[in-house]
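Observations on chain architecture
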Amino acid sequence: MTRVSPRLRAALTLVLSGGLALATPFRAGAQAPEQAPIRGFPLDALAERARLEAVMRATPDTARLREYLRIMSAEPHHAGSPMSRTVAEYALARFREWGLDARLDSNEALMPYPVMRRVEMVSPTTFVAQLQEPAIPEDHDSGDRNQLPTFNAYSADGDVTADLVYVNYGTPDDYDDLARLGIDVRGKIVIARYGRSWRGIKPKVAAEHGAIGCIIYSDPRDDGFFGGDVYPTGPMRPEQGVQRGSVMDMPTYPGDPLTPGWGARPGGRRLDRSEAVTLMRIPVLPISYGDALPLLRALRGPVVPNDDWKGALPITYHIGPGPARVHIALQFDWQVRPLYDVVVRIPGVTYPDQWVLHGNHHDAWVNGAEDPLSGAVALMETARSFATLLRTGWHPQRTIILSLWDGEEWGLLGSTEWAETNADALRTNAVVYFNSDTNAKGRYGASGSHTLETFIREVARDSRDPVSGVSALQAITDYNVSRARTAADSARARERPFRIEALGSGSDYTVFIDHLAIASANFGHGGGTDAGVYHSIYDSFDFFTRFYDPDFAYGRAEAGEMGTAVLRMADAPVLPFSFSDAARTYRRYVAELDSLARARLPQDTVDLGAVRAAVDSLAAAGTRFDSALAAVTARGSAWLTRNARMLGAIDRDIYLSERDLAGERGLPRRPWFQHTIYAPGFYTGYGVKTMPGIREALEQRNKAEAVEQAAVVAAAVQRMATRASGAARQLMGLR
């Protein structure tokens, strides 16, 4: 029998007595607000919504969050290891203990572990890099056995020796600077610092320019002593701290490199490793700034061209080439290893074939207290909250699927393989996918499909910032106002409407939105702590409870916010998508593309008129849909219940509208990415490119491709507009 906490008992008492309204932005001392409308629900359902949502917000318990995190981060648990399965089974046992239907879903993927690593300078002096993060007495997990060594997953094997060249962050723009200086990296080893672009872009661009090896180091200007005291005194990266991470070419496709586009089931078909285009073609290895300093100090050649190239090490930054000559030797054990996803299913009673999904990964590079377990334990408390609701007799109208994914760190392996395996069912049944990942003190933030913008704003409106007590939405505004430098800036910050950002890549939402075109959003708190332990042995329970979320208040807030979002989407009589929000955002993208076209192709004309017309059509459809939605929800709960069967068919049209944004052939040169509005950039890795087919063609000054992609985007947006108009017409036709 599960104990009901005093906090939950008090919340339920308050709700049942009529004393708890949905949260709206107000400060202590203000008059209690009226219940705010919730998109997709009738006004006479708000009291019941308040009761259910109070449970979702009151159930998550900080002591439980701490205990889950302590246990799950106690040992290194990288994907493919026995401890990864142990962590998955621990979560599985908790889900089942709470009475939920949960199981392990097994896939597999290529995951090469390092067996030999060496970086040394052979001239003009000799130096051998440590390639080892030291244990710290103040952090009892930093000396754990079975840590993966410092490495970049999917680097090539190699044994190369060459002159060294410093390439700043290793972005395409940095190579343009090198070209202006007359410096060629062909046949050289490059050293780049972390930051500015995703790590996998650095060796990718280096190889395209003819480099034969790549070293990536963490400069203290970016996350070390330049920003504050280093660990254990402060939260910044210590001298020998190293950022592990994958360098798979994820902008081409994520997931198992050997099964692009289909699930990697045991015994299934797979490519030969020589056919896998996402594997890096040159050896690449991450090192600390302690190991980088002797290499950089030995460089000569030109001084770096500007301050943007300067780090914080006590040297004059030279570019080379040489006279530093470096030897890299890397060898990996290229094995297919198991993945263990934990999947919870709560069946819907009215629309069981409409699925609302929420996921977070559980695998880490080492102990992974913040990345990813801070989000994983919040998901577990969200699940326990649903279990609590189920015991009251509530059941969701739609099926809820909660997942803890494996292998995210390697390249979104577990989520991608699960989704590719279940692609047909997901294309038909998935309403929305909500993702979380790391979570720590700081502001609430969200990115995602812009049809969800009003929905997400209302979740923020009705959630509390755990420190200030104001709504999460008000806390965002207060933060923006606090950063304003002038009165005019402050006024703009107060008046600026809430906006979510677009999704690129970097977490488990990628396969859902970019490949399957399922409306998706990523939620979480952060930004309150500058830290330098990302993907190192110091991302530990000790670090987390000192610097990230000591009292787990933000973990509790995350569990409640995500639970509220899932609950609303699972129960809404009419799905709360907003085509007006989408059109408003897409119109801004078109304006950006117009400016880009004039800048990149000043002598040519790229006509975006068809895209603009499709967006106008979507805006008009959005207005009609908003009116229809308001009209049918105004008829009340009893009328909506009587029309549930017909509303279910209309709801299916509403969520399938995101599929309309998929392009049949995918993006140029990377067909796995099918969404025409959002994708990671080919040379950004994580960073989003909106209307990417057009945008990247313009950036490459490829007029013919820009024109072709404009037609693709226009057709996709028009499909969404047509479907939205149809949904509005069907809603208004109900009697």
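Residues numbered from 1 in each chain as written. Predicted model: local features only at pLDDT ≥ 70, side-chain atom pairs only at ≥ 80, totals over all residues. Heavy atoms only, no water.

Some thoughts on the packing of aromatic side chains
Threshold: Only the six-membered ring of Trp is used, alongside the rings of Phe and Tyr, when aromatic pairs are assigned; centres must lie within 6.5 Å, and planes under 30 degrees apart are stacked while those over 60 apart are edge-to-face, with the rest tilted. Numbered from the N terminus, helices here are DSSP runs of H or I no shorter than four residues, and strands are runs of E no shorter than two. Think of it in three bands: residues with accessible area under 20% of the maximum for their type are buried, residues over 50% are exposed, and the middle band is partly exposed, with areas taken using a 1.4 Å probe on protein chains only.
Taken as a whole, this structure holds 31 aromatic pairs when the rule is applied. Their ring planes at 90 degrees and their centres at 5.7 Å tell us that Phe151 and Trp365 sit as a pair that is edge-to-face. One end of the pair, Phe151, is in the loop between β3 (127-128) and β4 (152-153); the other, Trp365, is in the loop between β12 (351-361) and α9 (369-391), with 214 residues separating them in the sequence. Relative accessible area serves as the criterion here: at 2%, Trp365 is assigned to the buried category. On the numbers, 6.1 Å between centres and 70 degrees between planes, the contact of Phe332 with Trp334 is edge-to-face. Here a set of aromatic residues connected by ring pairs shows up, and it is made of Tyr113, Phe151, Tyr154, Phe332, Trp334, Trp365 and Trp410.

Observations regarding unusual backbone geometry
Between Ser123 and Pro124 the backbone carries a cis peptide bond, its omega angle lying at 5 degrees. Inspection of the secondary structure assignment puts Pro124 in the loop between β2 (113-123) and β3. The peptide bond linking Gly322 to Pro323 adopts the cis configuration, its omega dihedral lying at 0 degrees. Turning to its location among the elements, Pro323 is positioned in the loop between α8 (289-297) and β10 (325-333). Although it is not a glycine, Phe552 sits at a positive phi angle of roughly 60 degrees. With respect to the secondary-structure elements, Phe552 resides in the loop between α17 (541-548) and α18 (553-571). Residue Phe552 is classed as buried on the basis of its relative accessible area, which comes to 2%. Notably, Arg701 is not glycine yet its phi reads approximately 60 degrees, a positive angle.

Observations concerning the sheet that holds strand β13 (residues 398-405)
Defined as follows: In short, DSSP must find at least two bridges between two strands for them to pair. Whenever a helix is involved, its axis is fitted only over the stretch in contact; in every case the axis is a line through C-alpha atoms, and angles between N-to-C directions fall within 0 to 180 degrees. Residue contacts are counted whenever heavy atoms from the two residues lie within 4.5 Å of one another.
Pairing within the open sheet is mixed, and its seven strands lie in the order β1-β11-β13-β12-β14-β16-β15. Sheet topology places β1 (101-110) and β15 (442-448) at the edges, where each strand pairs with a single neighbour. Along the sheet, successive strands turn relative to each other by an average axial angle of 20 degrees, direction set aside. Across the face of the sheet, α9 comes into contact with β11 (336-346), β12 and β13 while running at roughly 145 degrees to β12. Against the sheet, α18 touches β12, β13, β14 (430-435), β15 and β16 (520-527), its axis set at about 165 degrees to β16.

A short note on helix α6 (residues 201-208)
Of all eight residues that make up α6, six are buried, and the element is covered over most of its length. Those residues of α6 that fall on the buried side of the exposure criterion are Ile201, Lys202, Pro203, Lys204, Val205 and Ala206. Here the buried face of α6 lies against α5 (172-180), β6 (189-193), β7 (213-217) and β9 (284-287). Taken from the residues just after α6, Gly210 is the one with a positive phi, measuring 95 degrees.

A few points about the side chain of His78
For His78, the location among the structural elements is in the loop between α3 (62-72) and α4 (82-97). The residues contacting His78, other than those within four sequence positions of it, are Ser84, Tyr113, Asn146, Leu148, Ala364 and Trp365.

A closer look at the pattern of salt bridges
Going by this rule: Note on definitions: salt bridges are taken to be side-chain nitrogens of Lys or Arg within 4 Å of carboxyl oxygens of Asp or Glu.
For the structure on display, the rule yields 38 salt bridges. In this structure, Arg237 engages Asp223 in a salt bridge whose closest nitrogen and oxygen atoms are separated by 2.9 Å. Taken as a pair, Arg237 in the loop between α7 (220-223) and β8 (245-246) and Asp223 in helix α7 lie far apart in primary sequence, 14 residues in all. Across this residue pair, the class does not change: Arg237 and Asp223 are buried. The partner of Asp307 in a salt bridge is Lys310, and the shortest N-O contact between them spans 3.0 Å. With relative accessibility at 36%, the residue Lys310 sits in the partly exposed group. Within the structure, one salt-bridge network assembled from shared partners comprises Glu53, Arg57, Arg461, Asp462 and Arg568.

Here we look at the sheet that holds β6
The seven strands lie next to each other as β3-β2-β10-β5-β6-β7-β9, forming an open sheet whose pairing is mixed. In the strand order of this sheet, the two ends are held by β3 and β9, each with one partner. Where β2 and β10 come together, nine bridges link them in antiparallel fashion. Considered in β10, the bridge of Ser123 is made with Arg325. Docked against the sheet, α6 engages β6, β7 and β9, running at close to 150 degrees with respect to β7.

Remarks on the confidence of the model for the chain
What counts here: The predictor reports its confidence for every residue as pLDDT, a score running from 0 up to 100.
Residues of the chain with pLDDT of at least 70 account for 95%, and the chain-wide mean is 94. Between residues 1-33, whose pLDDT stays under 50, and residues either more than four places distant or in other chains, the model counts 57 contacts.

Thoughts on the packing of α9 against α18
The condition is simple: By the definition adopted for this analysis, an angle is roughly parallel if under 35 degrees, roughly antiparallel if over 145, roughly perpendicular if from 65 to 115, and oblique otherwise. Whether a crossing is left-handed or right-handed is set by the direction in which the near helix is turned from the far one by less than a right angle, anticlockwise for left-handed and clockwise for right-handed. Residues are grouped as follows: Ala, Val, Leu, Ile, Met, Phe, Trp, Tyr, Cys and Pro are nonpolar; Asp, Glu, Lys and Arg are charged; every other residue, Gly included, is polar.
One can describe the packing of α9 onto α18 by two numbers: an axis separation of 8 Å at closest approach and a directional angle of 55 degrees. With respect to α18, the element α9 is oriented oblique. Where α9 crosses over α18, the two elements pack in a sense that is right-handed. Each of Ala378, Glu381, Thr382, Phe386 and Leu389 in α9 lies in contact with α18, whose residues at this interface are Gly555, Glu558, Ala559, Met562, Gly563, Val566 and Leu567. Taken together, the residues that form the contact of α9 with α18 break down as seven nonpolar, three polar and two charged.

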